[in-house]
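Summary of the model geometry
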Amino acid sequence: AKEFGRNSVQLYDTVFNERSMERLNLENDMRNALEKGEYQLYYQPQISIHTGRIVGAEALIRWNHPVRGMVPPDEFIPLAEDTGFIVEIGEWVLREACTQNKKWQDMGYPPFPVSVNLSVRQFLQQKLKEKVQGILEETGLDARYLVLEITESMTSDVDYATNCLLELKSLGLQISIDDFGKGYSSLSYLKKFPISTLKIDQSFVRDLMEDPNDAAIVSTIIAMAHHLKLKVIAEGVETEEQLKYLTQNKCNEVQGYLFSPPLPDHQFEQKLQEMIS
Ligand code: C2E
Ligand code: CA
Ligand code: CA
Ligand code: CA
């Protein structure tokens with residue numbers, strides 16, 4: 001028994017070390033990836049239910065790892081959050097998305113806003129407003145064509161969040177609440193924050209047709225948003241039935257595989273061309 005105990009400790013140590021090595025490797029790789037240009041933005045179209053046209057794009061990061069292949073954000077964004085490296089990645093994402101959107105405008109496509117996900121760390125970063133302002137000036141993108149997506153988890157300190165959002169808003173950009181309904185935050189902030197859009201969390205959309213509770217939640221969020229004069233986007237729309245329900249309940253915009261997955265910029269461009277031709 002003694003023997004066994006010692007072995008299991010050793011085994012545990014080995015597993016533990018492998019895990020932390022793995023993390024360490026990933027962390028190193030993540031930092032190098034920025035210099036090596038391994039990150040790439042994909043863009044997912046946001047469609048107006050009313051016109052059926054593309055009225056926006058959400059920028060979603062991908063990591064084109066030389067060995068691992070395409071690494072989805074869920075596999076490295078949390079680690080980047082932990083280490084604080086998300087601030088640097090986030091700045092790259094913002095610059096890249098603004099540059100790309102300006103490029104599309106210069107190519108003559110009808111202008112639309114690009115949405116960028118903001119992380120908690122970025123939101124708490126000092127001089128965020130100056131950072132964003134600098135990137136807008138540098139890239140030449142008109143602030144009204146930039147949307148920053150924040151989540152309810154960033155709103156726990158209501159005073160801080162209100163000030164921060166007002167500062168950002170003063171630049172002329174738009175602010176949207178991502179994954180709405182997923183957090184447990186109070187709704188009172190909705191009347192304080194200078195936000196323009198609610199994005200209904202995809203977990204409610206997923207089972208819309210099977211779960212009457214989800215259907216009730218979705219229609220209630222839409223109605224509430226309209227009362228507050230906010231625009232509503234439903235995420236994760238995959239079926240015609242979901243679209244029909246959202247249309248009947250007067251949702252403004254949809255985003256999801258039914259229309260398109262997130263696409264690399266040149267493929268997104270083809271979607272834009274299809275739309276105007
Ligand atoms: P999110 O902001 O909620 O993004 C929506 C996610 O849903 C994306 O996953 C998108 O590809 C996926 N999706 C879109 N349509 C559908 C659909 O019809 N069905 C289903 N099942 N999924 C759909 P993705 O690209 O893997 O991103 C995951 C999360 O990683 C994002 O969730 C966001 O929280 C984070 N993330 C992505 N890019 C960035 C970034 O540049 N910065 C930060 N801070 N976070 C990011
Ligand atoms: Ca988002
Ligand atoms: Ca979301
Ligand atoms: Ca999410």
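Below is a short write-up of the structure. (Residues numbered from 1 in each chain as written. Chains lettered and ligands numbered in written order. Predicted model: local features only at pLDDT ≥ 70, side-chain atom pairs only at ≥ 80, totals over all residues. Heavy atoms only, no water.)

1. A closer look at the pattern of salt bridges
A complete count under the given rule lists 10 salt bridges for this structure. In this structure, the salt-bridge partner of glutamate 91 is lysine 131, at a minimum N-O distance of 3.4 Å. On the criterion of sequence distance, the pair formed by glutamate 91 in helix H3 (residues 86–106) and lysine 131 in helix H5 (residues 128–139) is long-range, its members being 40 residues apart. The partly exposed category is assigned to lysine 131, whose relative accessible area is 35%. Among the ionic pairs, glutamate 149 bridges to lysine 199, the shortest N-O distance being 2.6 Å. With a gap of 50 residues between them, glutamate 149 in strand E5 (residues 146–151) and lysine 199 in strand E7 (residues 197–200) connect regions that are remote in the sequence. A relative accessible area of 2% means that glutamate 149 is categorised as buried. (Salt bridge = Lys/Arg side-chain N within 4 Å of Asp/Glu carboxyl O. Helix = DSSP H or I, 4+ residues; strand = E, 2+ residues; numbered from the N terminus. Buried < 20%, exposed > 50% of the residue type's maximum accessible area, 1.4 Å probe, protein only.)

2. Description of the site of ligand 1
As a structural note, the neighbourhood of ligand 1 is formed by 20 residues, with Gln44, Arg62, Asn117, Glu238 and Tyr257 the closest of them. In the environment of ligand 1, an oxygen atom lies 2.8 Å from a nitrogen or oxygen atom belonging to the side chain of arginine 62. At 3.3 Å from an oxygen atom of ligand 1 is found a side-chain nitrogen or oxygen belonging to glutamine 202. Protein burial of ligand 1: of its 800 Å² of free accessible surface, 83% is covered by the chains. Where the shell around ligand 1 is concerned, the elements lending two or more residues are strand E2 (54–65) and strand E6 (174–180). By residue number, the principal contributor to the shell around ligand 1 is E2, which donates four residues. (Near = heavy atom within 4 Å. Polar contact = N/O pair within 3.5 Å; in protein donor to acceptor, adjacent residues only side chain to side chain. Areas by Shrake-Rupley, 256 points an atom, 1.4 Å probe, with all protein chains shown as cover.)

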